[in-house]
Amino acid sequence: MLDELPGSRPSVPAVMAQRRPYAITMWDFSWLERRWPGAGYENPARALDELVERGYDAVRIDAYPHLVGADPTAEHELVPLWTLQDWGACGRTRVRVQPALSEFMAACADRGVAVALSSWYRQDTDDVRMRIQTPVDHAAGWLAVLEGLAQDGLLEHVLFVDLCNEFPMDLWAPFLHRDGWVHRNSVAGAAWMREAAGLLRDRFPQLPYTFSMSEEFDRLGEEVVDMHDLLELHLWMAHWTDFYTEVGYHSHLTDPTGYDNLARSGEALYRSRPGYWQAGLTRAVDTAAGWSRATGLPLVTTECWGVVDYKDWPLLDWGWVKELCEVGVGLATETGRWAAVATSNFCGPQFRGMWRDVEWHRRLTDQIRSARLEVPIAPRAALASGRP
């Protein structure tokens, strides 16, 4: 919340005063797009009540900054990203980001749920996202989002801002790679992140900023992190082992072959060598914790821990997936480095087989919220000054 004293620095939002980890979930672009009957979010208040019932106190959502920057209250028609996955709409849909975003955040605030803002830069029929040509353009959409939330008195409920999901994947940041691939750990990648985040810090220094990551973990010791206030890392066993190669899974947007192979032999493969697959997850957690200690930055993980893609489907049982998720939560909470921990990236009402096990969620969220925390989420300026 902005201080009222003229010339004073804005105060750090109260959601950052918490000295224990948040139990966080990812509702991505589903929170707005899945509003048809039975889609899970058609009654946002009920979905949030169920989230709180399961013990979660933070949620990461898409704020659609490119659409807000173009026109926050206009109706935008979105094209489907995929037909196989249950995140977002699997067919064309229409959305108005505002006032829906402020209404959703107000509902979160009423329930004591902190909100992390991110963006998957969903494609609309005008492909507004491709108007982003520079870091200044990138920041402009986010400035429009934050200015709107400030006007509505909602900034104090923002936990952090993730300027782009899994940067620099072309699925989420196609605007970045116009003249060839740009690696995150490169001069060009670092410069883009630093300038875009810097523009937001200049206007809203009380908020923490980052770019979430799911790959390029092979040279972390060389990577410059001065543009990040936290490390939002997406960690799955499947990315740290040869599980997908052995099972024959490929994350295709429309081809069901990978899911067929996963349904046919995924659980059997895991059960044949659970220790081996869990060791891969342990490597992921140890690597992340080591990077956090080396940089002094807190960790957040909102997408995790076993396989990347899953859903309610014939021959797809949730048991072994939940087992891996329990392992991941246990490993992460033992380190003291995670300021916000998810139980999986399937923690939403559309994943009914996972969602309906209320006791499982409560057991894991109790574990998360009672874990020790060595370094909380905060903007760098607050950490440097010792402010809460």
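Preceding block: the structure.
Below is a summary of the structure that appears in this document. Just so you know, these numbers come straight off a predicted model, no measurement behind them. (Residues numbered from 1 in each chain as written. Predicted model: local features only at pLDDT ≥ 70, side-chain atom pairs only at ≥ 80, totals over all residues. Heavy atoms only, no water.)

## Digging into the environment of Leu-315
So, point 1. Mapped onto the fold, Leu-315 is located in the loop between β11 (304-305) and α10 (319-335).
So, point 2. Sequence spacing of Leu-315 and Ala-263 is 52 residues, and the spatial spacing of their C-alpha atoms is 5.2 Å. (Helix = DSSP H or I, 4+ residues; strand = E, 2+ residues; numbered from the N terminus.)

## Focus: the packing of helix α9 (residues 274-295) against α10
So, point 1. Put simply, α9 and α10 touch, their axes get as near as 10 Å, and they point 25 degrees apart. Comparing the axis directions of α9 and α10 gives the class roughly parallel. As for the relative orientation of α9 and α10, their crossing is right-handed in sense. Side by side, α9 and α10 meet where Gln-278, Leu-281, Thr-282, Val-285, Ala-289 and Arg-293 of the first sit next to Glu-323, Leu-324, Val-327, Gly-328, Leu-331, Ala-332 and Thr-335 of the second.
So, point 2. Here the contact of α9 with α10 is built from residues that sort into seven nonpolar, four polar and two charged. (Axes fitted to C-alpha atoms, helices over the stretch in contact; angles between N-to-C directions. Parallel < 35°, antiparallel > 145°, perpendicular 65-115°, else oblique. Left-handed = near helix turned anticlockwise from the far one by under 90°. Contact = heavy atoms within 4.5 Å. Nonpolar A, V, L, I, M, F, W, Y, C, P; charged D, E, K, R; others polar.)

## Quick look at the sheet that holds strand β2 (residues 58-62)
So, point 1. The sheet built from eight strands is open, its strands ordered β7-β6-β5-β2-β1-β12-β10-β8 with parallel pairing. A strand with exactly one partner marks an edge of an open sheet, and here the two such strands are β7 (209-210) and β8 (231-232).
So, point 2. Here two bridges tie β8 to strand β10 (residues 299-301), and the two strands are oriented parallel to one another. Counterpart to Glu-232 in the pairing with β10 is Val-300. (Pairing = 2+ DSSP bridges.)

## Quick word on the environment of Pro-379
So, point 1. Looking at the secondary structure, you find Pro-379 in the loop between α12 (358-369) and α13 (380-385).
So, point 2. As a C-alpha pair, Pro-379 and Met-16 span 363 residues in sequence and 9.2 Å in three-dimensional space.
So, point 3. Contacts of Pro-379, omitting those with residues within four sequence positions, involve Val-12, Met-16, Pro-205, Gln-206, Leu-207, Pro-208 and Asp-229.

## A word on α9
A turn of α-helix holds 3.6 residues, and therefore any two residues three or four places apart point the same way.
So, point 1. Taking 1.5 Å of rise per residue, the 22 residues of α9 would be expected to cover 32 Å, and the 32 Å separating its terminal C-alpha atoms lies within 8% of that figure.
So, point 2. Along α9, the residues classified as buried are Trp-277, Gly-280, Leu-281, Ala-284, Val-285, Ala-288, Ala-289, Trp-291 and Ser-292. The buried residues of α9 occupy one face: seen down the axis, they fall within an arc of 165 degrees. (Expected span 1.5 Å × (residues − 1). Buried < 20%, exposed > 50% of the residue type's maximum accessible area, 1.4 Å probe, protein only. Arc of directions from axis to C-beta.)

## A closer look at α12
So, point 1. The first and last C-alpha atoms of α12 sit 16 Å apart over twelve residues, in line with the 16 Å expected at 1.5 Å per residue.
So, point 2. Three or more residues of α12 are buried, namely Val-358, Trp-360, His-361, Leu-364, Thr-365 and Ile-368. Down the axis, α12 shows its buried residues gathered within 155 degrees of arc, on one side only.
So, point 3. In this structure, the buried side of α12 is in contact with β1 (22-28), α2 (44-53), α10, β12 (338-341) and α11 (352-355).

## A closer look at the packing of aromatic side chains
So, point 1. Tallied over the full model, the rule gives 28 aromatic pairs.
So, point 2. When the ring centre of Tyr-259 is taken as origin, the NZ or CZ atom of Lys-311, which lies over that ring, is 4.5 Å away.
So, point 3. The ring of Trp-313 carries Lys-311 above its face, with NZ or CZ at 4.0 Å from the centroid. (Phe/Tyr/Trp six-rings, centres within 6.5 Å; stacked < 30°, edge-to-face > 60°. Lys NZ or Arg CZ within 6 Å of the ring centre and 35° of its normal.)

## Concerning the pattern of salt bridges
So, point 1. Inspection of every chain in the model, using the stated rule, returns 24 salt bridges.
So, point 2. Among the salt bridges present, the one from Glu-374 reaches Arg-337, with a minimum N-O distance of 2.9 Å. With Glu-374 in the loop between α12 and α13 and Arg-337 in the loop between α10 and β12, the pair connects residues that are 37 residues apart, well separated along the chain.
So, point 3. Using a relative accessible area of 41% as the deciding quantity, one classes Glu-374 as partly exposed.
So, point 4. Residue Arg-372 is joined to Glu-374 by a salt bridge in which the shortest nitrogen-to-oxygen separation is 2.5 Å.
So, point 5. The class of Arg-372 is partly exposed, set by a relative accessible area of 47%.
So, point 6. Each of the salt bridges in this network shares a partner with another, and the network as a whole consists of Arg-60, Asp-162, Glu-232 and Glu-303. (Salt bridge = Lys/Arg side-chain N within 4 Å of Asp/Glu carboxyl O.)

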